[in-house]
Amino acid sequence: MTSPSLTVDTPAGPVRATAGPRQDDAVVFELGGAMRGSVHVTGTHHPHRWDQFTAVRACLGPVNAYQTTAPDEALPRLTRSRTRYHGSLTLYPDDYADRPQVSVYPMTSADGHEPPEKAAATLTAVLRACAAHVAQRDDLPVILDLSRQRDTAALLRFLTWSAAHHQAEAARLEREARAAHPARRAAVAAWWTVTRWFQASPHPVLLLMLADLPYSVLPNSLARTVDVKQWWAPSCLTAAAREHEHARRAQAEADSLRAQQRSRRPARRPHPPAHAAPHAARLEPQVP
């Protein structure tokens, strides 16, 4: 088991962080030295794989800032300042790096201002140290499993919405791609019509309609319209393919979360058949 206390070197000076007893899915650190207040650390999903609970999140204050808001007077502050701060940090494993990666949510003061550079560096260092401390605890699997149970319902709602949203967006883009083909043919036919007019009776206006000028000079020239319609359909299909992939990924993560839910449900003990006799009645009778 890791030590409950650590000392963090920060630009504002050393900060002592002492972990209290685990509170179900969280550990709260009390701060001393160059920073006063507390830091709440819990488990969370990987930022890029929402079905994988392999990350830890540290929030400034005594509560999970993603579930509730701490009162301003409970937020941490630097010892020589009265300004209190909101913010959080997620520490997560990376398949392509030897050390964990960090995602920092923007820090703000209680009244909504960005902290000075020194204060921001101090807050980030303390959050990262507390998160890393919990990531090394022996009971981390318990924290992550309880965090999964806490967040799964909300994640399923979001992932289900996300899959439907991306599918609808893909269908819209595919409709635009189909509509672009006849629009391009019509633009090409118009360009040739104007070309014949120009050949029959040259005029500067007809020349402008045929010229491929920048959009800022002549937005609706026929040549520009033909060019746009030519690449619009492939561009829409490429974007639709991305939307399909986003939908597939959201659905796969939702399916994975549901499978994890099912695997963690306690197995029901089967009821005996109605015609079965009680256990005592199946014992061999004793001879008097």
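Everything quoted here is computed from the prediction, not taken from an experiment.

Q: Just to check I follow, could you spell out the overall build of the protein for this structure?
A: A count of helices and strands for the protein gives four helices and eight strands. Along the protein, from the amino end to the carboxyl end, the secondary structure elements read β-β-β-β-β-β-β-β-α-α-α-α. Here the protein holds 288 residues, and the buried ones make up 35% of them. Accessible surface, the protein: about 17,800 Å² in total, of which carbon and sulfur atoms supply 56%.

Q: Explanation requested: the pattern of salt bridges in the structure shown.
A: Where charged atoms from two side chains of opposite charge come close, those side chains can pair. In this structure the tally under the stated criterion is 12 salt bridges. Across the pair Asp 25 and Arg 150 runs a salt bridge whose closest N-O atoms are separated by 2.5 Å. Highlighted residues: Asp 25 in the loop between strand S2 (15–19) and strand S3 (26–33) and Arg 150 in helix H2 (residues 140–200), separated in sequence by 125 residues. The exposure class assigned to Asp 25 is buried, which follows from its relative accessible area of 15%.

Q: Whenever I open this one, unusual backbone geometry confuses me. Can you help?
A: It is generally the case that most residues other than glycine have a negative phi and that most peptide bonds are trans. A positive phi angle, close to 55 degrees, is found at Asp 24, a residue other than glycine. Note on Asp 24: relative accessible area 57%, which makes it exposed.

Q: Help me understand the environment of Ala 119, please; the structure alone is not making it clear to me.
A: Turning to its location among the elements, Ala 119 is positioned in helix H1 (residues 117–135). Here Ala 119 falls in the buried class, since its relative accessible area comes to 5%. A sequence separation of 12 residues divides Ala 119 from Met 107, and the C-alpha atoms of the two residues are 9.6 Å apart. Setting aside its immediate chain neighbours within four residues, Ala 119 contacts Leu 78 and Tyr 85.

Q: Got a minute to help me understand the packing of aromatic side chains in this structure?
A: Aromatic ring pairs are reported here in terms of the distance separating the ring centres and the angle at which the planes meet. The tally for this structure, following the rule as stated, stands at two aromatic pairs. Look at Trp 50 and Phe 158: their rings are 4.9 Å apart centre to centre, the planes differ by 25 degrees, and that puts the pair in the stacked class. One end of the pair, Trp 50, is in the loop between strand S4 (35–44) and strand S5 (55–60); the other, Phe 158, is in helix H2, and 108 residues separate them in sequence. Here Phe 158 falls in the partly exposed class, since its relative accessible area comes to 36%. Feature note: the residues Trp 50, Phe 158 and Trp 161 constitute an aromatic cluster, connected by ring pairs.

Q: How should I be thinking about the nonpolar core in this particular structure?
A: Generally speaking, nonpolar side chains in soluble globular proteins are found buried as a group. Core analysis: the biggest nonpolar cluster contains 31 residues, and Phe 29, Met 35, Val 39, Val 41, Leu 60 and Val 134 have the highest contact counts within it. For this core, the secondary structure elements donating two or more residues are strand S1 (5–8), S2, S3, S4, S5, strand S7 (85–92), H1 and H2. Excluding residues within four positions of it along the chain, Val 41 makes contact with Asp 25, Ala 26, Val 27, Phe 29, Val 56, Arg 57, Ala 58, Cys 130, Ala 131 and Val 134.

Q: Looking at this structure, I do not really get the pairing of S1. What am I missing?
A: If a strand is regular, its side chains alternate between the two faces of the sheet. Going residue by residue along S1, you find Leu 6 and Val 8 tucked away on one face and Ser 5 and Thr 7 left uncovered on the opposite face. In terms of strand pairing, S1 meets S2 through four bridges, oriented antiparallel. In the strand pairing of S2, Leu 6 is matched with Ala 17. Once S1 ends, the chain turns through six residues before running back antiparallel as S2, passing Gly 13 with a positive phi of about 120 degrees.

Q: What should I look at first to understand H1 in this one?
A: An α-helical segment advances 3.6 residues per turn. Residues three or four places apart therefore align on the same side. Between its terminal C-alpha atoms H1 stretches 27 Å, which fits the 27 Å expected from 19 residues at 1.5 Å a residue. By the burial criterion, the buried members of H1 are Ala 119, Thr 122, Leu 123, Val 126, Leu 127, Ala 129, Cys 130, Ala 131, His 133 and Val 134.

Q: How should I be thinking about the environment of Thr 79 in this particular structure?
A: Positionally, Thr 79 belongs in the loop between strand S6 (77–78) and S7. Counting along the chain gives 45 residues from Thr 79 to Ala 34, while the straight-line C-alpha distance between them is 5.2 Å. When neighbours within four sequence positions are excluded, Thr 79 is seen to be in contact with Gly 33, Ala 34, Met 35 and Arg 36. In terms of polar contacts, Thr 79 uses its side chain to reach the backbone carbonyl oxygen of Gly 33, at 2.5 Å.

Calculation criteria
Residues numbered from 1 in each chain as written. Predicted model: local features only at pLDDT ≥ 70, side-chain atom pairs only at ≥ 80, totals over all residues. Heavy atoms only, no water. Helix = DSSP H or I, 4+ residues; strand = E, 2+ residues; numbered from the N terminus. Buried < 20%, exposed > 50% of the residue type's maximum accessible area, 1.4 Å probe, protein only. Areas by Shrake-Rupley, 256 points an atom, 1.4 Å probe, with all protein chains shown as cover. Salt bridge = Lys/Arg side-chain N within 4 Å of Asp/Glu carboxyl O. Contact = heavy atoms within 4.5 Å. Phe/Tyr/Trp six-rings, centres within 6.5 Å; stacked < 30°, edge-to-face > 60°. Core = buried A, V, L, I, M, F, W, Y, C linked by side-chain atoms within 4.5 Å. Pairing = 2+ DSSP bridges. Expected span 1.5 Å × (residues − 1). Polar contact = N/O pair within 3.5 Å; in protein donor to acceptor, adjacent residues only side chain to side chain.

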